[in-house]
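What the coordinates show
Given next are the chains, with one letter for each unit.
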Amino acid sequence: MEKEIDEKLQGQSLVLEHKAENTKKLYIESYGCAMNFSDSEIVASILTKEGYNTTQILEEADLVLVNTCSIRDKAEQTVRKRLEKYNAVKRINPGMKVGVLGCMAERLKTQFLEEEKIVDMVVGPDAYKDLPYLLKEVEEGRDAINVILSKEETYGDISPVRLMSNGVTAFVSITRGCDNMCTFCVVPFTRGRERSREPQSIMVEIQNLWDNGFKEITLLGQNVDSYLWYGGGLKKDFDKASEMQIATAVTFEHLLEMVAVAFPKMRIRFSTSNPQDMHEEVMHVIAKYPNICNHIHLPVQSGSDRILAAMNRLHTREEYMKLIDTIKSIIPDACITQDMIAGFPTETEEDHQDTLSLMEYVKYSFGYMYAYSERPGTLAGRKMEDDVLEETKMRRLQEIVDLQRIHSGFRTQEFLGKTVEVLVEKPSKKSANDLSGRNSQSIVVVFPKEHYKIGDFVNVKITNCTSGTLIGEAVGYSEMQ
């Protein structure tokens, strides 16, 4: 919880199984959302074919890539600090090349090459297939840049490598881009318009994961619920499709059911949902199949109708609350989690109290909470004055965080005395004698190791809890085992 609250983006050095014939070394770090980590797996796959093995040692790398996030200014400042580290290493190893990938590359484009003198290559999220050409440009002494956004690219034809994998859980990207023009968000500008991946390629990727022993997947996208495959193209162009395309279109509830039926022993999650795209049909699919997890991440951002309108969120407070009621009526034990922004432009104390009262209504299991950060290029950045005092933002954020901690404790206490199914993911951080995994509601569960191992589905009776963790004792394998 603290890491999420404090916005501490953890750079992740990623490791790939080495190929003996590869002689060059790649060091890659990812920051920000799950989509960035998924994209890094695509990048590593592409570069493996270009003769690169990955390394965890920065100083020995021939190529250093940082996959960046632009969602908040703090994320960008974290990347700039890492570039300072790379620069120090590059003075010792002048042959080392440095590239910036992802949303920050897309937002700043050629400006990045001018501002950060050590950067040799700037590559946007839709241009990773161009990496071999760009590397040749760099090797010939030229700066290389490709930040052209695509209307078709989904990387559905690339088999991602699983980096720093526990061999149990994996991301499967199903959509790219975003059509929701929230006034605070850079994603539509850095990742382009929304398009969906061909369903058969998704099924093939999941089959490969299953064949290699993975037990859980997360279907991933900026707005997974708006997944729509009708033969290719942008979602916004669907109304121009032929009658045959419309009749055979695959929506998210169809895809979710396809996966659940084809892989009954594979646990399925998805993220992230947008309130206006979360339909009742999806909820019924979740309720129907026990291998679909009862966790819905449903960002709201504010509890005030006035602020929601200023954010262009396309849903009202009342509509959101009705959606929560519908979820609870169809999936009674669903865990609902949130994103919340404190201190959006013009936010008053009354608006803030509306947010707190909405939180009281829902009692989220956990959430991602941030103070508003003005992002250049967004409508809010261009048209709205960032007029809430920083000290007021931080005070309101702390009140949101404190209330969420109370609600998280309330939600974990609901599991006391109950038995939950846990997929073991790793040893506990606090004790090598304990194992850690998540239940269907995505809450961390810790229990004594005994004879169980990573990848097992275990029934655990909950005997204690904190606000973020369930503690219990194993009572045997679950039916998913």
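Keep in mind the model is a prediction, meaning the values are calculated, not measured. (Residues numbered from 1 in each chain as written. Predicted model: local features only at pLDDT ≥ 70, side-chain atom pairs only at ≥ 80, totals over all residues. Heavy atoms only, no water.)

1. Here's the deal with the overall build of the protein chain
Here is the rule we go by: Numbering of helices and strands runs from the N terminus; a helix is a DSSP stretch of H or I covering at least four residues, while a strand is a stretch of E covering at least two. It is over C-alpha atoms that the radius of gyration is taken, and the globule rule equals 2.2 Å times the number of residues to the power 0.38. For each residue, the accessible area found with a 1.4 Å probe, counting protein chains only, is set against the maximum for its type, and the residue is called buried under 20%, exposed over 50%, and partly exposed in between. Contact between two residues is taken to exist if any of their heavy atoms lie within 4.5 Å; hydrogens are not considered. Accessibility throughout is a Shrake-Rupley quantity obtained with a 1.4 Å probe, and a residue counts as covered only by protein chains that appear here. Think of it this way: Lys and Arg go in the positive column, Asp and Glu in the negative one, and His and the chain ends go nowhere. Charge coordinates come from a single atom per side chain, which is NZ of Lys, CZ of Arg, CG of Asp or CD of Glu.
Secondary structure summary: the protein chain contains 16 helices and 22 strands in total. The C-alpha radius of gyration computed for the protein chain amounts to 22 Å, which stays within 12% of the reference 23 Å derived for 481 residues, consistent with globular compactness. Its C-alpha atoms give the protein chain principal-axis dimensions of roughly 65 × 55 × 55 Å. Taking all 481 residues of the protein chain together, 57% fall into the buried category. Nonlocal contacts in the protein chain, meaning residues at least 24 apart in sequence, comprise 72% of its contacts between residues at least 6 apart. Approximately 20,500 Å² of the protein chain is accessible, and the part contributed by carbon and sulfur atoms is 51%. Between the averaged position of the 58 positive side-chain charges in the protein chain and that of its 73 negative side-chain charges there is a distance of 3 Å.

2. Topic: helix α8 (residues 199–211)
Applicable threshold: To estimate the expected span of a helix, subtract one from its residue number and multiply by 1.5 Å. Under this definition, polar contacts are N or O atom pairs within 3.5 Å; protein pairs additionally need one hydrogen-donor-capable and one acceptor-capable atom, and for neighbouring residues in sequence, both atoms have to be side-chain atoms.
Under the 1.5 Å per step criterion, the end-to-end length of α8 is 18 Å for 13 residues, consistent within 8% with the ideal 18 Å. If you check which residues of α8 are buried, you get P199, S201, I202, M203, E205, I206 and L209. The opening residue of α8 is E198, an N-cap whose side-chain oxygen sits 2.9 Å from the backbone nitrogen of Q200. Positive phi appears at G213, one or two residues downstream of α8, with a value of about 90°.

3. Focus: the state of the cysteines
Counted only if it meets this: Sulfur atoms of two cysteines make up a disulfide when they are within 2.5 Å.
Inspection of every chain in the model, using the stated rule, returns zero disulfides. The thiol of C293 is unpaired, and the distance to the nearest cysteine sulfur, on C335, comes to 10 Å. Overall, the relative accessible area of 3% leaves C293 in the buried class. Classification of C335 as buried rests on a relative accessible area of 2%.

4. Things to note about the nonpolar core
The criterion, for reference: Buried Ala, Val, Leu, Ile, Met, Phe, Trp, Tyr and Cys residues that are joined via side-chain atoms within 4.5 Å together make up what is termed a nonpolar core.
L219, L256 and F270 are the most contacted members of the largest nonpolar core, which totals 54 residues. Grouped together as the second largest cluster of nonpolar side chains are 22 residues, Y27, V89, V100 and L113 included.

5. Some points on the layout of surface pockets
For clarity, the cut-off: A 1.4 Å probe that fits but cannot get out identifies a cavity on a 1 Å grid over protein atoms alone, an open set with protein on both sides within 12 Å along at least five of seven lines counts as a pocket, and a residue lines either if it has an atom within 4 Å of a point. Grid points are joined across faces, edges and corners, and a volume is the space filled by probe spheres set on the points.
A volume near 420 Å³ is recorded for the second largest pocket. Together, 21 residues line the second largest pocket, and P290, N291, N294, E421 and S440 are the ones closest to its centre. Mapped onto the lining of the second largest pocket, the elements with two or more residues apiece are α11 (280–288) and β18 (419–427). In terms of residue count, β18 provides more of the lining of the second largest pocket than any other element does, three residues in total.

6. Regarding the pattern of salt bridges
The test is simple: Just to be clear on terms, a salt bridge is a Lys or Arg side-chain nitrogen sitting within 4 Å of an Asp or Glu carboxyl oxygen.
Applying the stated criterion to the full structure yields 41 salt bridges. The partner of E137 in a salt bridge is R142, and the shortest N-O contact between them spans 2.9 Å. The class of E137 is buried, set by a relative accessible area of 15%. The class of R142 is partly exposed, set by a relative accessible area of 38%. Here E205 makes a salt bridge to R162, at a shortest N to O gap of 2.5 Å. Separated by 43 residues along the polypeptide, E205 in helix α8 and R162 in the loop between β7 (144–146) and β8 (169–173) bring together distant segments of the chain.

7. Regarding the pairing of strand β11 (residues 216–220)
Formally: Should DSSP find at least two bridges between two strands, the strands are regarded as paired.
Across the five residues of β11, five count as buried, placing the element largely inside the fold. Residues E216, T218 and L220 point to one face of β11 and I217 and L219 to the other, with burial holding for every one of them. The pairing of β8 with β11 spans five bridges and is parallel. Considered in β11, the bridge of S173 is made with L220.

8. Describing the sheet that holds β11
Hydrogen bonding along the main chain pairs the strands of a sheet, whether they run parallel or antiparallel. Short version of the rule: Axis lines are fitted through C-alpha atoms, for helices just across the contact stretch, and the angle between N-to-C directions can take any value from 0 to 180 degrees.
Spatial ordering of the open sheet is given by β8-β11-β14, a layout of three strands whose pairing is parallel. A strand with exactly one partner marks an edge of an open sheet, and here the two such strands are β8 and β14 (267–271). Taking each pair of neighbouring strands and ignoring which way they run, the sheet shows an average axis angle of 25°. As defined by bridge partners, β11 adjoins β14 across five bridges and the pair is classed as parallel.

9. Some remarks on unusual backbone geometry
Backbone torsion omega between S271 and T272 reads 10°, so that peptide bond is classified as cis. Position of T272 among the secondary structure elements: in the loop between β14 and α11. One non-glycine residue, Y155, lies in positive phi territory at about 60°. As for its placement among the helices and strands, Y155 is situated in the loop between β7 and β8.

10. Digging into the environment of D237
The topology assignment puts D237 in the loop between β12 (228–229) and α9 (243–247). It is 15 Å that separates the C-alpha atoms of D237 and R176, two residues lying 61 residues apart in sequence.

Spatial relationships are all this shows, so hold off on functional conclusions.
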